[in-house]
Amino acid sequence: MSDRKVEYLLIGGGLASANCARWLREEGAEGEVLLVGREPDPPYNRPDCSKGYLRGEESREQPLVRPSEWWSEHDIELLTRTSVTGLDLQARTATLSTKQEVQFDKALIATGANVRRLNVDGCELEHIYYLRTLGNADAIREGVADAEEVVLIGGSYIACEVAASLTMMGKQCTMVMQEQFTLERGFGTQAGRFFQGLLEAHGVRVHGDDELERFEGHERVAQVVTRGGLELAADAVVIGAGVTPDVQLAHRAGIEIGGHGGVRCSSRLESSVPGVFAAGDICEYDSVVHDGAAMRIEHWDVAFNQGKTAALNMLGRDVPHAEVPYFFSVLGDWGELEYVGPAHEWDEEIMRGSMPGGAFTNWYLKGGVVKGALTFGRSEDLDHARRLLTEQVVLDEAERAALHDPAADLASIAR
């Protein structure tokens, strides 16, 4: 016998669950909505962790998705510091870490991701940090208070954003990464070189084509040694080695896991179990934008939009997730990159504008079809990029020339 019953169980305390709860209520759901999250905070905007909140420019309340009173005002029960430890999908019950058993009609699994931890010599030393939560940001801010030299491990979003924030806080930052240039894996050599130059122009030292060998120190980290032979002084270290989707709960419950390591879902974000949906970092779905390809995309904005799609389909609307994935990264007050895609592979890049020294859009094409677009200071190109990604039309020579020309009107391309 279950302790209680709800119509909608939302598992995970992040943005996907929060936005799902919002749209359930806005679209007329009348049953009980229970959101269960393991973190101590209500749902918040995770990107703030590496930016304003890390730098101490925002209060603990500012990153919150909704003010505290919003949840009760919309009759949504929010349980923080609570995990779902087990699912019985035949009985449609969930066991909570509080030992309570909850029966549900429909569920969303949005358990997010866990940071990838590096197991190297010295990894147990103090003042080595990972960043995923507000609590992690608190620890880093406190831990670097008396630091002069900070080493960042990794060359993607987290390492770049934290390097920018800590530099603004007066720290000397050094990055060590496997890539030749920062952000190169997602955006290619040309764009990667530009963003690395931006970081270096503000004093960040970058060592590419290398990787971590070990940490050295007594109790507290004092030095980072790389496989290439570098010995870097380090009063603190922040590791940005990526994340892995947290699919343990779903896997134990017998839900199908896809080839990209996420919960395998239809274009409606419904899992292999009817009435059980997934969203956010764990969702591997059939993308109608990407010719039906199975996609698993990790980003704040993706979770936000998937939460809405899941809510609509919980209500029986039969809506495919047709939102073009959007990404952004803010490098302190030095600039913001925006990206739609993702282009996992491409055979042509078309530059619109000037790099370096000005605003630009870099278009990524495969077989003459737009697969992604990266902008820096040209946000006005994004709507055109979304349309071209959705249309998937092979562009002719004149249309590709228009992509290159900053003065050209993109509205007429491929319509």
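Residues numbered from 1 in each chain as written. Predicted model: local features only at pLDDT ≥ 70, side-chain atom pairs only at ≥ 80, totals over all residues. Heavy atoms only, no water.

## Here's the deal with the pattern of salt bridges
Here is step 1 of the chain: What the rule picks out here adds up to 30 salt bridges.
Here is step 2 of the chain: Two residues, Arg132 and Asp281, come together in a salt bridge whose shortest N-O distance is 2.6 Å. Linking Arg132 in the loop between strand E8 (128–130) and helix H3 (134–143) with Asp281 in the loop between strand E18 (276–278) and strand E19 (283–286), this pair joins segments that are 149 residues apart in sequence. Asp281 matches Arg132 in its accessibility class, with the two residues each being buried.
Here is step 3 of the chain: The residue Glu348 makes a salt bridge to Arg400 at a minimum N-O spacing of 3.3 Å. Note that Glu348 is positioned in strand E23 (residues 348–353) and Arg400 in helix H9 (residues 397–404), a separation of 52 residues in sequence.
Here is step 4 of the chain: Connected through salt bridges with shared partners, the residues Asp41, Arg60, Asp138 and Arg141 form a single ionic network. (Salt bridge = Lys/Arg side-chain N within 4 Å of Asp/Glu carboxyl O. Helix = DSSP H or I, 4+ residues; strand = E, 2+ residues; numbered from the N terminus. Buried < 20%, exposed > 50% of the residue type's maximum accessible area, 1.4 Å probe, protein only.)

## Observations concerning unusual backbone geometry
Here is step 1 of the chain: The omega torsion across Gly341 and Pro342 is -5°, close enough to zero to call that bond cis.
Here is step 2 of the chain: By secondary structure assignment, the location of Pro342 is in the loop between strand E22 (336–340) and E23.
Here is step 3 of the chain: With a phi close to 60°, Leu183 is a non-glycine residue in the positive phi region.
Here is step 4 of the chain: In this structure, Leu183 sits in the loop between strand E10 (172–176) and helix H5 (184–201).
Here is step 5 of the chain: Phi at Asp318 takes a positive value of approximately 55°, unusual for a residue other than glycine.
Here is step 6 of the chain: By the element assignment, Asp318 lies in the loop between helix H7 (300–314) and strand E21 (326–330).
Here is step 7 of the chain: By relative accessible area, which is 52% here, Asp318 ends up exposed.

## Regarding the layout of surface pockets
Here is step 1 of the chain: In this structure, the second largest pocket spans a volume of roughly 190 Å³.
Here is step 2 of the chain: Together, Val289, His290, Ala293, Met295, Pro342, Ala343, His344, Glu345, Lys366, Lys371, Leu389 and Gln392 line the second largest pocket.
Here is step 3 of the chain: In terms of residue class, the lining of the second largest pocket is built from six nonpolar, three polar and three charged. (1 Å grid on protein atoms, 1.4 Å probe; cavity = no way out; pocket = protein on both sides within 12 Å on 5 of 7 lines; lining within 4 Å. Points joined across faces, edges and corners; volume = space filled by probe spheres on them. Nonpolar A, V, L, I, M, F, W, Y, C, P; charged D, E, K, R; others polar.)

## Some details on the sheet that holds strand E14 (residues 231–233)
Here is step 1 of the chain: In space, the three strands of this open sheet follow the order E12-E13-E14, with antiparallel pairing throughout. Sheet topology places strand E12 (212–218) and E14 at the edges, where each strand pairs with a single neighbour. Averaged over all pairs of adjacent strands, the angle between strand axes in this sheet comes to 30°, irrespective of strand direction.
Here is step 2 of the chain: Note that E12 and strand E13 (residues 220–226) share six bridges and pair antiparallel. Across the sheet, residue Gly217 finds its bridge partner in E13, namely Val221. (Pairing = 2+ DSSP bridges. Axes fitted to C-alpha atoms, helices over the stretch in contact; angles between N-to-C directions.)

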